[in-house]
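This is what each chain is made of:
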Amino acid sequence: MRRRHKFGLGIVATLLTGFVAVLGLDAADRAFPPPLEKAGLVSAEVVDADGQLLRAFATPKGRWRLKTTAADVDPQFLHMLVAYEDQRFWEHRGVDPVAIGRASWQFLTHGRIVSGASTLSMQLARLIEPRDSRSIPAKLKQVVRALQIERRLSKAEILDLYLTRAPYGGNLEGVRAASLAYFGKEPKRLSVAEAALLVALPQLPELRRPDRHLKTATEARQRVLDRMAVADVVGDGESARAALIPVPNRRLQLPAFAAHLAETAIRKQPGIARYQTTLRRSTQAALESLAQEAATRLGPRLSVAIVMADVHSGAILGEVGSADYFDPSRSGWIDMTRVNRSPGSTLKPFIYGLAFEEGLVAQETIIEDRPADFAGYRPRNFDMTYQGDVSVRTALQMSLNVPAVRLLDAVGPTRLMVRFRRAEVRPVLPTNETPGLAIGLGGVGITLKDLVQLYAALANRGRPVRLGDGLREQPAVLDGAPIMDVVAAWNVADSLAGVSPPLGVSQRGIAYKTGTSYGYRDAWSVGFDGDHVIGVWVGRADNGAVPGLTGYASAAPILFEAFAKSGLAIAALPRAPAGAIRLPQTQLPASQRRFATTSEGLLSASSREAAPRIIYPPEGARVDLGLKQGTETMPLSLKLQGGRAPFRWLANGQPLSEASRRRTTQWMPDGQGYSTLTVIDAAGRAASVRVFIE
């Protein structure tokens, strides 16, 4: 009886001792946890719309450590890794007793280390806390850390951390960084030869670097291919075939696209691991290469900037700030997509758009291109010659200055600036100046990004969008009124689609405009198809003059090449909307056959009369005619004051009836939405209002 009592007490004591030991170990585990927070530090990445890497930034210690998960890696590589490094990875709890027994027996029988017993968990522990020596205490600490890691993380999480932290020589860490550096591709699809090399390198990364120790790297890869477990994974004959493929002998540069955007993102929003953009990597790469080639071709100190965007969403697909970010001779660090420069003639299409919208002109309206004086402002054409009487369409296509100023004088510079603000674009005027006629010929400052944003609205049938690259701005379809009505936008696009391409360049089905600033400092070209818009700027970042630099000769060829190399198919320009038609000059209403103004005293009789003014409906009015309810509608009464009879009314650019001497008329809208109502008097003076019919 006494013996049984002692035995029972022994069992209790043993259990208590075990319980206390477990509590002690648990307390020690909590008191001295593995520094897993170190494992989470990775390189910041800037990626495109599809998640493809545009640019990465090294960690504070200069490591290229790209976050990697099992989903980012070829599944066969994962099977080969586990088969070679840790065959029971999915079963053990951090330490593999079978591997330890095998390694110990081999050491005893051979007198040297034949194979190791380190599991992937133990290797991860060593990567997080590098050991000072290969001592037994260091190994025991590694074992303890592996057990601690297994308590805290799942097997999948451990594998992901290993894939991110595994060393590959130099400052390369992780499978993604190694695959990009040695193979020039993401590890999503790896050949057997490539996978075997990536399995072999982390064991002795510095001694097996293929760019420095090609023979050693080749031998290490062969040992992986010769391992029976690996051969079972890759299949019969695959190891032998993989051994015949040469090992890469140089290290490639990691992707480094969109430098200006990436640097701005890191500077303004530090501490983020992943920066998502709207860019398209293949398009960005093509445009950067094009900009560099074009600048080299054009001459020293010249830079090139390009912006490409989707006209429907505003998403920027390609954004090149300079010809070469690292070229100091071209001031490559300056992002010329965001610098205000004189736009030359590139704003003219929007002047014509307002004139079309107000019914002042049609495409075949005759307008004078002769010397003119606008209260002391005497615009001259670029080539110092004049064409005489030309059609409005020809004047826009030839980018004639005098006709553009005549129309701007009629529609008003302030109204033009108001339309720009609808697109969230605010050109910079000279200090303390109000909008004047010079803005039509480049007398304002505007960025390439904002200019492309204006043309995106033009390509989008007048509906404005905000361009955004996803980091500096978010793309958006803007609410509110369009910058011009759909018929006017079509007339402008139809005219620009007829502009001849640069010499030696084939027509690509795009509408485009060029511009050259005063003093040959800036060359511009902006063009669009049915889905995309591209803007090109060429010049010197220091605003220096470049004799012979023009939009047509310098920027337009780059524009056409950008469309060709962007990787995106040309989309047809939109069809003519309802009510849009290009009539010959003889079939136009009398008031639209020839454009005339009073700016030069040509109509002295009318100058003593007040200009016509629409008093009903007022500008911006919302008029309820019952269209929303679908009930029987009544016509809208239109009333005016001033002007010289007879009067001609137009709705959205279309004549309502024959000219009349009455100052009131009736109009029956054909649907809901914004409409522009215009009246033109006998002197050719016009007034317009924009209303919303519901």
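Residues numbered from 1 in each chain as written. Predicted model: local features only at pLDDT ≥ 70, side-chain atom pairs only at ≥ 80, totals over all residues. Heavy atoms only, no water.

### What to know about the overall build of the protein
Okay, so step 1: Counting its secondary structure elements, the protein contains 22 helices and 22 strands.
Okay, so step 2: By the burial criterion, 51% of the 694 residues in the protein qualify as buried.
Okay, so step 3: A separation threshold of at least 6 residues defines the contact pool for the protein, and within that pool the share at least 24 residues apart is 70%.
Okay, so step 4: For the protein, the accessible surface area stands at approximately 31700 Å², while carbon and sulfur atoms represent 55% of it. (Helix = DSSP H or I, 4+ residues; strand = E, 2+ residues; numbered from the N terminus. Buried < 20%, exposed > 50% of the residue type's maximum accessible area, 1.4 Å probe, protein only. Contact = heavy atoms within 4.5 Å. Areas by Shrake-Rupley, 256 points an atom, 1.4 Å probe, with all protein chains shown as cover.)

### Things to note about the sheet that holds strand S12 (residues 511-516)
Okay, so step 1: Across the sheet, 5 strands lie side by side as S7-S6-S14-S13-S12; this open sheet has antiparallel pairing. At either margin of the open sheet sits one strand with a lone partner, and together these are strand S7 (316-320) and S12. In this sheet, neighbouring strand axes are inclined to one another by 10° on average, regardless of whether the strands run parallel or antiparallel.
Okay, so step 2: Relative to strand S13 (residues 522-528), S12 is paired through 6 bridges, and the arrangement is antiparallel. (Pairing = 2+ DSSP bridges. Axes fitted to C-alpha atoms, helices over the stretch in contact; angles between N-to-C directions.)

### Considering the sheet that holds strand S18 (residues 648-651)
Okay, so step 1: Overall, mixed pairing links the 5 strands, which are arranged S16-S22-S21-S18-S19 in an open sheet. Looking at which strands have only one partner, the edges of the open sheet turn out to be strand S16 (622-623) and strand S19 (654-655).
Okay, so step 2: Looking at chain direction, S16 and strand S22 (residues 686-693) are connected through 2 bridges and run parallel. Across the sheet, the residue bridging to Arg622 is Phe692, located in S22.

### So, unusual backbone geometry
Okay, so step 1: With an omega of 0°, the peptide bond between Tyr616 and Pro617 qualifies as cis.
Okay, so step 2: In this fold, Pro617 is placed in the loop between strand S15 (613-616) and S16.
Okay, so step 3: A cis amide bond links Ala645 with the next residue in sequence, Pro646, at an omega value of 0°.
Okay, so step 4: For Pro646, the position within the fold is in the loop between strand S17 (636-641) and S18.

### Considerations on the side chain of Ser303
Okay, so step 1: Among the secondary structure elements, Ser303 is positioned in strand S6 (residues 303-310).
Okay, so step 2: With relative accessibility at 1%, the residue Ser303 sits in the buried group.
Okay, so step 3: A distance of 3.2 Å separates a polar atom in the side chain of Ser303 from the backbone nitrogen of Ala323. (Polar contact = N/O pair within 3.5 Å; in protein donor to acceptor, adjacent residues only side chain to side chain.)

### A few points about the nonpolar core
Okay, so step 1: Core analysis: the largest hydrophobic core is formed by 104 residues, its most contacted members being Val304, Ile306, Phe350, Leu458, Phe528, Val533 and Val536.
Okay, so step 2: Counting residues per element, this core draws most heavily on helix H19 (residues 448-459), at 9 residues.
Okay, so step 3: Beyond its immediate sequence surroundings of up to four residues, Val536 is in contact with Val304, Ala305, Ile306, Leu448, Ala523, Trp524, Ser525, Ala555, Ile558 and Leu559.
Okay, so step 4: By size, the runner-up hydrophobic cluster in this structure holds 55 residues, among which are Met80, Ile128, Leu198 and Leu254. (Core = buried A, V, L, I, M, F, W, Y, C linked by side-chain atoms within 4.5 Å.)

### Description of the environment of Asp624
Okay, so step 1: Relative to the helices and strands, Asp624 is located in the loop between S16 and S17.
Okay, so step 2: We classify Asp624 as exposed; its relative accessible area is 51%.
Okay, so step 3: Separated by 12 residues in the primary sequence, Asp624 and Leu636 have C-alpha atoms spaced 9.6 Å apart.

### Notes on the environment of Gly509
Okay, so step 1: Residue position: Gly509 is located in the loop between helix H20 (486-496) and S12.
Okay, so step 2: With a relative accessible area of 36%, Gly509 lands in the partly exposed category.
Okay, so step 3: C-alpha separation for the pair Gly509 and Ala571, spaced 62 residues apart in sequence, amounts to 8.2 Å.
Okay, so step 4: Beyond its immediate stretch of four places on either side in the chain, Gly509 contacts Asp529, Ile570 and Leu573.

### A short note on the packing of aromatic side chains
Okay, so step 1: Using the criterion set out here, one finds 7 aromatic pairs in the structure.
Okay, so step 2: Measuring from centroid to centroid gives 5.8 Å for Phe350 and Phe420, while their planes differ by 85°, and the two rings are edge-to-face. Within this pair, whereas Phe350 is found in helix H15 (residues 348-357), its partner Phe420 is found in helix H18 (residues 413-422), the two being separated by 70 residues in sequence.
Okay, so step 3: By relative accessible area, which is 2% here, Phe350 ends up buried.
Okay, so step 4: With a relative accessible area of 2%, Phe420 lands in the buried category.
Okay, so step 5: With centroids separated by 5.0 Å and ring planes inclined at 90°, the aromatic side chains of Tyr512 and Phe560 adopt a geometry described as edge-to-face. Taken together, the residues span a long stretch of sequence, with Tyr512 in strand S12 and Phe560 in helix H21 (residues 551-565) at a distance of 48 residues.
Okay, so step 6: Its relative accessible area of 2% is what places Phe560 among the buried residues. (Phe/Tyr/Trp six-rings, centres within 6.5 Å; stacked < 30°, edge-to-face > 60°.)

### A closer look at the confidence of the model for the protein
Okay, so step 1: Considering every residue of the protein, the mean pLDDT works out to 88; 89% of them sit at 70 or more.
Okay, so step 2: Contacts of residues 13-25 to residues separated by more than four positions or lying in other chains number 0 contacts, the stretch itself having pLDDT below 50.
Okay, so step 3: Here residues 598-608 is a poorly scored stretch, pLDDT under 50, and it has 15 contacts once near neighbours within four places are set aside; other chains count. (pLDDT = per-residue confidence, 0-100.)

### Considerations on H21
Okay, so step 1: For H21, which comprises 15 residues, the first-to-last C-alpha distance of 20 Å matches the rise-based estimate of 21 Å (1.5 Å per residue) to within 8%.
Okay, so step 2: Burial in H21 covers these residues: Gly551, Ser554, Ala555, Ala556, Ile558, Leu559, Phe560, Ala562 and Phe563.
Okay, so step 3: Looking at the buried residues of H21, the elements they touch are helix H14 (281-298), S6, S12, S13 and strand S14 (532-539).
Okay, so step 4: A positive backbone phi angle near 85° is found at Gly567, which sits one or two residues after H21. (Expected span 1.5 Å × (residues − 1).)

### A few points about the pattern of salt bridges
Okay, so step 1: In this structure the tally under the stated criterion is 42 salt bridges.
Okay, so step 2: A salt bridge links Lys155 to Glu150, with the shortest nitrogen-to-oxygen separation between them at 2.9 Å. Grouping residues by exposure puts Lys155 and Glu150 together as buried.
Okay, so step 3: Where Arg176 meets Glu186, a salt bridge forms, and the shortest distance between an N and an O atom there is 2.9 Å. Of this pair, Arg176 sits in helix H8 (residues 175-183) while Glu186 sits in the loop between H8 and helix H9 (192-200), placing them 10 residues apart in sequence. (Salt bridge = Lys/Arg side-chain N within 4 Å of Asp/Glu carboxyl O.)

### Here we look at helix H13 (residues 259-268)
Okay, so step 1: By the burial criterion, the buried members of H13 are Ala259, His260, Leu261, Ala262, Thr264 and Ala265.
Okay, so step 2: The secondary structure elements touched by the buried residues of H13 are strand S1 (44-47), strand S2 (53-57), strand S5 (274-276) and S7.

### With respect to the environment of Phe183
Okay, so step 1: Looking at where Phe183 falls in the secondary structure, it is placed in helix H8.
Okay, so step 2: The class of Phe183 is buried, set by a relative accessible area of 16%.
Okay, so step 3: Distance in space between the C-alpha atoms of Phe183 and Pro248 is 7.4 Å, their sequence separation being 65 residues.

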